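# What the coordinates show
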Amino acid sequence: MKVTAEIVREIIEKKDIIVEFQPIYSLNTKKYIGLEALARGKYKDEIISPYFLFEYAKKDGSILTLDRICREKAMRAFSAESSAPSLFINFETSVLNGITSGTGEIQRTAAENHISPQNIVIELNESRVKDSYNLMMFVDFYRSKGFLIALDNVSAGLDTLNRIMLINPDIIKIDRAIVSQIDSNKYNQEVFRSIINTAKQIGAMTVAEGVETVDEVITCMILGVDYFQGFYFQKPEQFNYLFTNEARLKVEEAAQKLNISTKKNPTVVNMKIESYKRIIYELVNRLSCMTHDDYNAELRDYVDEHSEIECAFLIDSKGFQITDTVMTPGVEILEGYHPALMGVNHDIKNYFYAIKEQIEDPFISGWYISNATGKSCKTISSKFYNNKGEMIVACVDLKKQ
């Protein structure tokens, strides 16, 4: 069927949009950490590609209306599925060119569907934005409300890396063009490695998009990616068809092959790991016999005793910070950076996620740029249980000497 402007106009007027979801998987936990919502048009039992919908809507001047309908449909479907984790929604960033950003429309739609901002990741395609100021205003507004920000379709290029450093996203989704045949393409491997290193510098998580083969999955994992999305695991489906046995088998297959690959290529053990473990284990032992009211004071005493520590904080079992970020006295904080406040959600951060999902305890990160100070740090985390039996995750950031 030939798609015309009249057909698209009718779809928008009648809100004939269906939403499918594609899982984003963690190979470490063998679980999915989020669902990306993908909209399609429906016209007389025909499915219309989102490409045609948005191209015609741009010409027709109705792209903002279409974008909002897609999000409304996605959130309504997501909220009906109580077992679903984070929702990844796309925002048509081209509408930011020359208009006022941060209207609060996404926040209102989330509230109407009883979805917490901490459970929504807003995906931005920064290449479509000419007005960097409006993009920054949009990101700052929604981040201040608790939403997570992802940069979508990230590939090679200095402009892209500059935007990453400018926006400081929580998640970087690496484009299929880089992931494709990465197991045999040395150039793609170098670009991929560069993006991973940039992500580590700003503390962002990474997603390899469009993985289609097990060899692509294994190569991306060895190069340091956190999560995966693509046809190898599962095509976009409506909720009833998600998480099939076939998808679970694909995850198992990739995990087994990765295990074989890493045994053949063991990494060099860091000689300081034991000292890192002693630092975090000593702290959790001291905290485990205390009440909530004593946590901040104990963190202050512990930070004061250890010159190698930059800061320390505690997170509850849902990922929310329950103490101040206790900084070492006199620490220099670069312009544009600030310690996280009590109540901030760390649910998707690797230092919390690895502990919650029992991947690694203690968790020891690589060196990256601290959101608290703007300087290089390494995060160590481990859990303890309070007097009510509730899990608490203790996090310590070490200075780079």
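So, here's what we can say about the structure.

Counting across every chain of the model gives 22 salt bridges. Note that E10 is salt-bridged to K14, the shortest N-O span being 3.0 Å. In this pair, E10 and K14 are both assigned in helix α1 (residues 5-14), four residues apart and thus about one turn of the helix distant. By relative accessible area, E10 is classed as partly exposed at 27%. Classification of K14 as exposed rests on a relative accessible area of 52%. Note that D304 and R300 form a salt bridge whose closest N and O atoms lie 3.1 Å from each other. In this pair, D304 and R300 both sit in helix α12 (residues 295-305), four residues apart, roughly one turn of the helix. For D304, a relative accessible area of 45% puts it in the partly exposed group.

Turning our eyes to something else, we now look at the nonpolar core. In this structure, I122, F192 and F228 are the most contacted members of the largest nonpolar core, which totals 76 residues. For this core, the element with the highest residue contribution is helix α3 (residues 63-79), accounting for seven residues. Beyond its immediate sequence surroundings of up to four residues, F192 is in contact with I174, I178, V179, I182, A208, C220, L223 and V225. If you look at the next biggest cluster of nonpolar residues, it comprises 23 residues, including M290, V303, I380 and A394.

With respect to the secondary-structure elements, E310 resides in strand β10 (residues 309-316). Polar side-chain contacts of E310 include one of 3.2 Å to the side chain of S370. In this structure, E310 is in contact with V326, M327, T328, V331, S370, T373, S376, C377, D397, L398 and K399, ignoring residues within four places of it in sequence.

Reading the values: the criteria
Residues numbered from 1 in each chain as written. Predicted model: local features only at pLDDT ≥ 70, side-chain atom pairs only at ≥ 80, totals over all residues. Heavy atoms only, no water. Salt bridge = Lys/Arg side-chain N within 4 Å of Asp/Glu carboxyl O. Helix = DSSP H or I, 4+ residues; strand = E, 2+ residues; numbered from the N terminus. Buried < 20%, exposed > 50% of the residue type's maximum accessible area, 1.4 Å probe, protein only. Core = buried A, V, L, I, M, F, W, Y, C linked by side-chain atoms within 4.5 Å. Contact = heavy atoms within 4.5 Å. Polar contact = N/O pair within 3.5 Å; in protein donor to acceptor, adjacent residues only side chain to side chain.

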